[in-house]
Amino acid sequence: MPRLITAFSNPLVKRVRALRDKRHRRAEGLFLAEGLRILTEAREAGRLPRYLFFAADSARHPLVQALIAPVEAAGGEAIETSADILGKLSGKDNPQTVLGVFEEFAVPLASLDRGAARLWLVAERLRDPGNLGTILRTGDAVGAGGLILVDECVDPFSVEAVRASMGALFTVPVVQTSWNDFIAWLRAGPGQLVALSLDTVHDYRAARYQAPCFLLTGNEAQGLPPAYAAACDLRVKIPMRGKADSLNAAVATAVMAYEVLAQLG
């Protein structure tokens, strides 16, 4: 049976609230995800939270019930609490009715099967959690094999990134690695590395893509380091018809991903 927590001073409440800080997430190996849709996506992908917090007035909701039973069966803990405590845990004034505490899951680069998908997404020094979440959603939408985060990217397990992914964190494999390790792995097998770059004359629609295609997006402000761009098989750009010189990194990734998908099928 779910236990009841009503006190802000409860040690578990304090521990879970601290997971909004990266240092505590790393120390605990845990992260937060909130909302029925995201937690349902996680369950359907085979990921269950260690702790499931839910508001008392949502306890009879069929989707909440569909979460409580498997969490408890897997040895996790379901906890009924108040909206105020859920707000404290999530940091939001209008919190979702459920919140889960999940174990972080690392996907090693060496475990990827490049032949499992025709398109893969790669991001280098991505800083904005909203962009990361949106790129994950794009990866899910186009059936990408995974998202490979190169060098010091934003934490994919931050509350903001998880929220922006709308559950795609649980459906798209995420690898965190260095540029040297990534390029060594890539060149050890088949794969076309395509960079989004302003420093090229190649229109993204005129280029020809080959599977498996690894689509590389650089840092939002600085783009790709010259050495990284030079190591790519192809550099393409999206033409700008107005005064803006470039698209948002996540938007550009989505535009490119659908063009590659249209060619490769």
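Trainee: Explanation requested: the overall build of the protein chain in the structure shown.
Mentor: Scanning the protein chain from terminus to terminus reveals 10 helices and 11 strands. By the compact-globule yardstick of 18 Å for 265 residues, the protein chain fits well, its C-alpha radius of gyration being 20 Å. Seen through its principal axes, the protein chain has C-alpha atoms that stretch 60 × 40 × 30 Å. Within the protein chain, the proportion of its 265 residues that are buried is 49%. Considering only intrachain contacts with a sequence separation of at least 6, the fraction spanning at least 24 residues in the protein chain is 80%. As displayed, the protein chain offers around 12,500 Å² of accessible surface, 49% of which is attributable to carbon and sulfur atoms.

Trainee: What is the right way to look at the packing of aromatic side chains in this model?
Mentor: For any pair of aromatic rings, the description rests on two quantities: the centre-to-centre distance and the angle between the ring planes. One pass over the full model with this rule turns up 13 aromatic pairs. Between Trp120 and Phe214, the ring centres sit 5.9 Å apart and the planes meet at 15°, which makes this aromatic pair stacked. Here the residue Trp120 occupies a position in strand 6 (residues 119–124), and Phe214 occupies one in strand 10 (residues 213–217), the gap between them amounting to 94 residues. Like Phe214, Trp120 is buried. By way of ring pairs, the aromatic residues Trp120, Trp179, Phe182, Trp185, Phe214 and Tyr228 are connected into one cluster. The side chain of Arg114 reaches across the aromatic face of Trp185, ending 4.2 Å from its centre.

Trainee: Is there a simple way to explain the environment of Ser111 in this structure?
Mentor: Checked against the element boundaries, Ser111 lands in the loop between strand 5 (98–103) and strand 6. Taking the C-alpha atoms as reference points, Ser111 and His61, 50 residues apart in sequence, are found 38 Å from one another. At 2.6 Å, the side chain of Ser111 and the backbone oxygen of Pro108 are in polar contact.

Trainee: Got a minute to help me understand the pattern of salt bridges in this structure?
Mentor: Two side chains carrying opposite charge are able to pair once their charged atoms lie near each other. Taken as a whole, this structure holds 10 salt bridges when the rule is applied. Across the pair Glu77 and Arg3 runs a salt bridge whose closest N-O atoms are separated by 2.4 Å. Placement of the pair is Glu77 in strand 4 (residues 77–81) and Arg3 in strand 1 (residues 3–4), with a sequence separation of 74 residues. With a relative accessible area of 26%, Glu77 lands in the partly exposed category.

Trainee: Honestly, the nonpolar core in this entry has me stumped. Any pointers?
Mentor: Side chains of a nonpolar character, in soluble globular proteins, are inclined to be buried together. Formed by 55 residues in total, the largest nonpolar core has its most connected members in Tyr209 and Met256. In terms of residue count, the dominant contributor to this core is helix 10 (residues 249–264) (seven residues). For Tyr209, the residues in contact, after removing those within four places along its chain, are Gln192, Val194, Tyr204, Leu234, Val236, Met256, Glu259, Val260, Gln263 and Leu264. Counting residues in hydrophobic clusters, the runner-up holds 21 residues, among them Ala117, Leu216, Tyr228 and Cys232.

Trainee: Help me understand the pairing of strand 8 (residues 174–177) in this model?
Mentor: Side chains on a regular strand alternate between the two faces of the sheet. When strand 7 (residues 147–150) meets strand 8, the two strands line up parallel, connected through four bridges. Within the sheet, the bridge partner assigned to Ile148 lies in strand 8 and is Val175. Running through helix 7 (residues 159–165), the crossover from strand 7 to the neighbouring parallel element strand 8 is right-handed.

Trainee: Hey, could you run me through the packing of helix 6 (residues 129–142) against helix 10 in this one?
Mentor: When two helices pack together, their arrangement is captured by the angle between the axes and the distance separating the axes. At a minimum axis distance of 9 Å, the contact between helix 6 and helix 10 shows a crossing angle of 15°. The angle between helix 6 and helix 10 places the two elements in the roughly parallel class. Helix 6 and helix 10 meet at a crossing whose hand is right-handed. Two secondary-structure elements touch here, helix 6 through Asn131, Thr134, Ile135, Thr138, Ala141 and Val142 and helix 10 through Ala249, Ala250, Thr253, Ala254, Ala257, Tyr258 and Leu261. Across the contact of helix 6 with helix 10, the residue classes break down as nine nonpolar, four polar and no charged.

Trainee: Would you mind going over the side chain of Ser165 with me for this structure?
Mentor: Along the chain, the position of Ser165 falls in helix 7. By relative accessible area, which is 1% here, Ser165 ends up buried. Apart from the residues within four sequence positions on either side, Ser165 is in contact with Gly133, Leu136 and Arg137.

Reading guide: rules and limits
- Residues numbered from 1 in each chain as written.
- Predicted model: local features only at pLDDT ≥ 70, side-chain atom pairs only at ≥ 80, totals over all residues.
- Heavy atoms only, no water.
- Helix = DSSP H or I, 4+ residues; strand = E, 2+ residues; numbered from the N terminus.
- Rg over C-alpha atoms; globule rule 2.2 N^0.38 Å.
- Buried < 20%, exposed > 50% of the residue type's maximum accessible area, 1.4 Å probe, protein only.
- Contact = heavy atoms within 4.5 Å.
- Areas by Shrake-Rupley, 256 points an atom, 1.4 Å probe, with all protein chains shown as cover.
- Phe/Tyr/Trp six-rings, centres within 6.5 Å; stacked < 30°, edge-to-face > 60°.
- Lys NZ or Arg CZ within 6 Å of the ring centre and 35° of its normal.
- Polar contact = N/O pair within 3.5 Å; in protein donor to acceptor, adjacent residues only side chain to side chain.
- Salt bridge = Lys/Arg side-chain N within 4 Å of Asp/Glu carboxyl O.
- Core = buried A, V, L, I, M, F, W, Y, C linked by side-chain atoms within 4.5 Å.
- Pairing = 2+ DSSP bridges.
- Right-handed = clockwise from strand over helix to strand, strands pointing away.
- Axes fitted to C-alpha atoms, helices over the stretch in contact; angles between N-to-C directions.
- Parallel < 35°, antiparallel > 145°, perpendicular 65-115°, else oblique.
- Left-handed = near helix turned anticlockwise from the far one by under 90°.
- Nonpolar A, V, L, I, M, F, W, Y, C, P; charged D, E, K, R; others polar.

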